[in-house]
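Overview (structure and organization)
If you want the building blocks of each chain, they are given just below.
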Amino acid sequence: MPSTFQPIRRTHGQTLLIDADDTLWENNIYFERAIASFISYLDHQIHTPAEVREHLNRCEHATISAHGYGLRSFRRSLVNCFEQLVGAPVTDEQHQRIHSFADSIAHHEIELLPRVAETLAELTTRHRLILVTKGDPAEQTGKLQRSGLAPHFTAVEVLPEKHNEAYLSLSAHHRCDAAHTWMIGNSPRSDINPALSAGLHAVFIPHSFTWILEHETVKPAPSGQHLLELLAFADLLHHF
Ligand SMILES: [Mg+2]
């Protein structure tokens, strides 16, 4: 990790690809709260809460592989997890209750992380900003609209998955010059490692409550590419 990196103000004209969930605004904490409510509702007599959580992670993995990211997948994972651990079909009443945990997430106000709005407002005067997120397109663009941050971005990409090929095709589509393009985000698995392997630079801004399915060891930057690790989004202004 480049802990001795000396901040310098870079010149104009970089392309900054910026993640949304848990980089610009809170997201995973709402899921964590919904999961905690689900686990206490399930109140399993044999499995511990940690075991229920592990099973839910497996259900989420399977649902996402088949149906992609988003609240509909999350709702489906909760129902599958409940059914599998209880060993009986879910009743209508239980269905409603389980859906209410997922629905609580949809109705949250957008809670921006510290100094995000002013940082983007300044970055957009010097650089091209592209929002790069994954998930359900309607959910993600809805959050962007409600956040009030949309005017800072010249383009928005909601991808089904953020892997190496996705970054390569996005870079080609937006004519990004890899030497001047940076992916900025909180997820080693979706933001940092695949962007580095696609030849881009990366800025890792860890969030204390990053979703467990996004955990991965951050790989070192290949030679000729840069990887920065920052404590806060506003620290981008020391570098860009
Ligand atoms: Mg994120």
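As shown above, the structure is provided for reference.
All residue numbers refer to position in the chain's written sequence, counted from 1. Totals for whole chains, interfaces and linings use all residues, but because this is a predicted model, local features are given only for residues with pLDDT of at least 70 and pairs of side-chain atoms are given and counted only at 80 or more. Calculated side-chain values reflect all of the structure's heavy atoms, with hydrogen atoms and water omitted.

1. Overview of the overall build of the chain
A count of helices and strands for the chain gives eight helices and six strands. Taken from N to C terminus, the helices and strands of the chain fall in the order β-α-α-α-α-α-β-α-β-α-β-α-β-β. Only C-alpha atoms enter the radius of gyration; for comparison, a globular chain is expected to reach 2.2 Å times N to the power 0.38, where N is the number of residues. In terms of overall size, the chain behaves like a compact globule, its C-alpha atoms giving a radius of gyration of 19 Å where 240 residues would be expected to give roughly 18 Å. With respect to the principal axes defined by its C-alpha atoms, the chain has extents near 60 × 35 × 30 Å. Within the span of the chain, comprising 240 residues, buried residues form 50% of the whole. Distance between charge centroids for the chain: 5 Å, based on 19 positive and 28 negative side chains. Helix numbering and strand numbering both begin at the N terminus, where a helix is a DSSP run of H or I of at least 4 residues and a strand a DSSP run of E of at least 2. The buried label goes to any residue with under 20% of its type's maximum accessible area, the exposed label to any with over 50%, and the partly exposed label to all in between, with areas taken from a 1.4 Å probe on protein chains only. His is not counted, nor are the chain ends, whereas Lys and Arg count as positive and Asp and Glu as negative. One atom stands in for each charge, and that atom is NZ of Lys, CZ of Arg, CG of Asp or CD of Glu.

2. Considerations on the coordination of the magnesium ion
Each metal's donors are the N, O and S atoms found within 2.8 Å of it, except that Na, K and Ca use a 3.2 Å limit; water is left out, so coordination can look incomplete. Distances from the magnesium ion to its protein donors, Asp-19 (OD), Asp-21 (O) and Asn-186 (OD1), fall within 2.2 Å. Read N to C, the donor residues that coordinate the magnesium ion are spaced as D-x1-D-x164-N. Residue classification places Asp-21 among the buried positions, given a relative accessible area of 15%.

3. Considerations on helix H7 (residues 164-173)
Taken as a whole, H7 has its buried residues at Asn-164, Ala-166, Tyr-167, Leu-170 and Ser-171. Each buried residue of H7 sits inside an arc of 160° when the element is viewed along its axis, so together they form one side. Of the exposed residues in H7, those oriented more than 90 degrees away from the buried face are Ala-172 and His-173. We call two residues in contact when some of their heavy atoms are within 4.5 Å. Among the structural elements, strand S1 (15-18), strand S2 (128-134), strand S3 (155-159), strand S4 (181-185) and helix H8 (188-197) are those in contact with the buried residues of H7. Regarding the arc, it is the one traced by the directions from the helix axis to the C-beta atoms.

4. Thoughts on the layout of surface pockets
Of the grid points, spaced at 1 Å and generated over the protein atoms alone, those admitting a 1.4 Å probe that cannot get out make up cavities, while open sets with protein on both sides within 12 Å along at least five of seven lines make up pockets; any residue with an atom within 4 Å of a point is treated as lining. Grid points are joined across faces, edges and corners, and a volume is the space filled by probe spheres set on the points. Size it by volume and the largest pocket reaches roughly 610 Å³. Segmentation into domains, and thus their bounds, comes from an automatic or database assignment. Two domains each put at least three residues into the lining of the largest pocket: domain 1 (15-25 + 112-238) and domain 2 (29-106).

5. A word on the side chain of Lys-162
By the secondary structure assignment, Lys-162 is in the loop between S3 and H7. Of note is the side chain of Lys-162, whose polar atom sits 2.9 Å from the side chain of Asp-19. Polar contacts, as counted here, are pairs of nitrogen or oxygen atoms within 3.5 Å of one another; within protein the pair requires one atom able to donate a hydrogen and one able to accept it, and residues that are adjacent in sequence qualify only if both atoms are side-chain atoms. Polar side-chain contacts of Lys-162 include one of 2.7 Å to the side chain of Asp-191. Once residues lying within four places of it in the same chain are set aside, the contact partners of Lys-162 are Asp-19, Val-132, Thr-133, Lys-134, Tyr-167, Met-183, Arg-189, Ser-190, Asp-191 and Pro-194.

6. So, helix H4 (residues 92-106)
For a helix, the expected span equals 1.5 Å multiplied by the residue count minus one. Taking 1.5 Å per residue, 15 residues should reach 21 Å; H4 reaches 21 Å between its end C-alpha atoms and fits that length. Note on bend: the value at a residue is the angle between axes fitted to the seven residues ending there and to the seven starting there. Of all the bends in H4, the greatest, near 25°, is centred on Ser-100. The set of residues buried in H4 consists of Ile-98, Phe-101, Ala-102 and Ile-105. If you follow the buried residues of H4, they end up packed against helix H1 (28-42) and helix H3 (71-86).

7. So, the pattern of salt bridges
A pair is scored as a salt bridge if a Lys or Arg side-chain nitrogen falls within 4 Å of a carboxyl oxygen belonging to Asp or Glu. A complete count under the given rule lists twelve salt bridges for this structure. Taken together, the salt bridges that share partners define one network made up of Lys-134, Glu-161, Arg-189 and Glu-214.

8. What about the nonpolar core?
Counting 24 residues, the largest nonpolar core has Ile-18, Leu-24, Leu-120, Phe-153, Val-203, Phe-233 and Leu-236 as the members making the most contacts within it. Counting only elements with at least two residues in this core, the list comes to S1, helix H5 (116-123), S2 and S4. No other element matches the three residues that H5 contributes to this core. Residues in contact with Ile-18, not counting those within four places in the same chain, are Thr-23, Leu-24, Leu-120, Leu-129, Ile-130, Leu-131, Val-132, Phe-153, Met-183, Ile-184 and Phe-233. Put simply, a nonpolar core is a bunch of buried Ala, Val, Leu, Ile, Met, Phe, Trp, Tyr and Cys residues held in one set by side-chain atoms that sit within 4.5 Å of each other. Counting residues in hydrophobic clusters, the runner-up holds 23 residues, among them Phe-38, Leu-71, Ile-98 and Ala-102.

9. Digging into the packing of H1 against H3
Inter-axis angles, ranging from 0 to 180 degrees, are taken between N-to-C directions of lines fitted to C-alpha atoms, where helices are fitted over the stretch in contact. In the contact formed by H1 and H3, the axes pass within 12 Å of each other and the chain directions differ by 20°. In terms of axis orientation, H1 runs roughly parallel to H3. Where H1 crosses over H3, the two elements pack in a sense that is right-handed. Across from Phe-31, Ala-34, Ile-35, Phe-38, Tyr-41 and Leu-42 in H1, the residues of H3 making contact are Leu-71, Phe-74, Leu-78, Cys-81, Phe-82, Leu-85 and Val-86. Classes in brief: Ala, Val, Leu, Ile, Met, Phe, Trp, Tyr, Cys and Pro nonpolar; Asp, Glu, Lys and Arg charged; the others, Gly included, polar. Looking at the contact of H1 with H3, its residues break down into 13 nonpolar, no polar and no charged. Put simply, angles under 35 degrees are roughly parallel, angles over 145 are roughly antiparallel, angles from 65 to 115 are roughly perpendicular, and the rest are oblique. Two helices crossing with the near one rotated counterclockwise from the far one by less than a right angle form a left-handed crossing, whereas a clockwise rotation gives a right-handed crossing.

Fair warning: the whole summary comes from geometry, so function is off the table for now.
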